[in-house]
Amino acid sequence: MIDLHVHTTASDGQYSPSQIIQKASEKNIKVIAITDHDTTAGLEEAKNEGKKLGVTVVPGIEINITFPTGEFHLLGLGLKNPSKSLNYIVENVLKNRTERNLQIIEKINADGVPLSLAELEEDFPDTVIGRPHFAAELVKYKVVKTRQQAFDQYLARGRKWYVPRICTNLDEAIVAIRESGGVPVIAHPMSLYLSWGRLPDFLKDCYEKGVVGIEAFHPGARVTECLRLEELGRKIGFVITAGSDFHGEKIRADRKLGHTCGGKKIDDKYYFQELLRVLPLNSSTCNS
């Protein structure tokens, strides 16, 4: 069993990088990719823990890409060393995220909830603050009963306290990932919200620009959709990956480490037969 899409407290996950690797070891997960949102901050800790426990760690990142419909997330898998171009993206994202958080706080304060950025940072130390953390605070303030309710009523796109984020250009992200020794993979393609009629041409364009793979198997999609994505991806020439997009039980209780669509365990082949064959030989996967 493996998992090629996992988050930690370095972005919006529940567990620290070390804790995630420990959980992977307990579940006999052989390979795990750490793919935090717009940051590589948790990779060294994860790799060090992987060495101790004999878990192969694939250093990664998940970059938010500017896109007119839905959400476009690009995974960078097998990063060797973050390049200047990738560090530039990360720095800009962090700056823009802080500005966005302040705007969200202004909206929340205007409606009488006395939440502050300092309080968020105190409750979630050493974490990149994002909407999941706002959701948790809204539960604490008893504005809502659950985190999901916070998104549904206030924080999701089009809701009262939503603030759009400034994302990264696809071409720049591809270059940054490649210059860092990794390979670009489209995460959960169904979140693009493109029709099946439009999706093939879009994916072909991404392939021609240098994207190497697609995450065909993701718990946010139906099994039939995932199988269709796999077939389409192979026709185009992509490698096929699979992930859980695990953030932690308190954040997304429906997602389990090492499992993907339909609750299925993630087969080793998506690393050993798919991703591994396109990773540069010097790519910094790490194990014992």
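For the structure, see preceding data.
Let us look at the structure shown here.

Cut-off values and rules
Residues numbered from 1 in each chain as written. Predicted model: local features only at pLDDT ≥ 70, side-chain atom pairs only at ≥ 80, totals over all residues. Heavy atoms only, no water. Pairing = 2+ DSSP bridges. Helix = DSSP H or I, 4+ residues; strand = E, 2+ residues; numbered from the N terminus. Axes fitted to C-alpha atoms, helices over the stretch in contact; angles between N-to-C directions. Core = buried A, V, L, I, M, F, W, Y, C linked by side-chain atoms within 4.5 Å. Buried < 20%, exposed > 50% of the residue type's maximum accessible area, 1.4 Å probe, protein only. Contact = heavy atoms within 4.5 Å. Left-handed = near helix turned anticlockwise from the far one by under 90°.

Taken in spatial order, the seven strands make up an open sheet running 1-2-3-4-5-6-7, and their pairing is mixed. Here the strands that pair on one side only, and so sit at the sheet edges, are strand 1 (2–6) and strand 7 (239–242). Across this sheet, the average inter-strand angle for adjacent strands is 30°, counted without regard to direction. Both strand 1 and strand 2 (residues 31–34) contribute to a ladder of three bridges, which runs parallel.

Moving on to the nonpolar core. By size, the foremost hydrophobic cluster in this structure holds 68 residues, and its most contacted members are I32, F72, L74 and L203. Every residue in contact with L74, bar those within four places of it in the chain, is listed here: I61, E62, I63, I65, L170, A173, I174, I177, P184, V185, I186 and V211. Formed by 20 residues, the second largest nonpolar core is a distinct cluster that contains A135, A136, Y154 and L155.

A word on the packing of helix 1 (residues 17–26) against helix 2 (residues 43–53). Their axes nearest at 8 Å, the elements helix 1 and helix 2 cross at an angle of 30°. Where helix 1 crosses over helix 2, the two elements pack in a sense that is right-handed. Contacts from P17, S18, I21, Q22 and S25 in helix 1 reach E45, A46, E49, G50 and L53 in helix 2.

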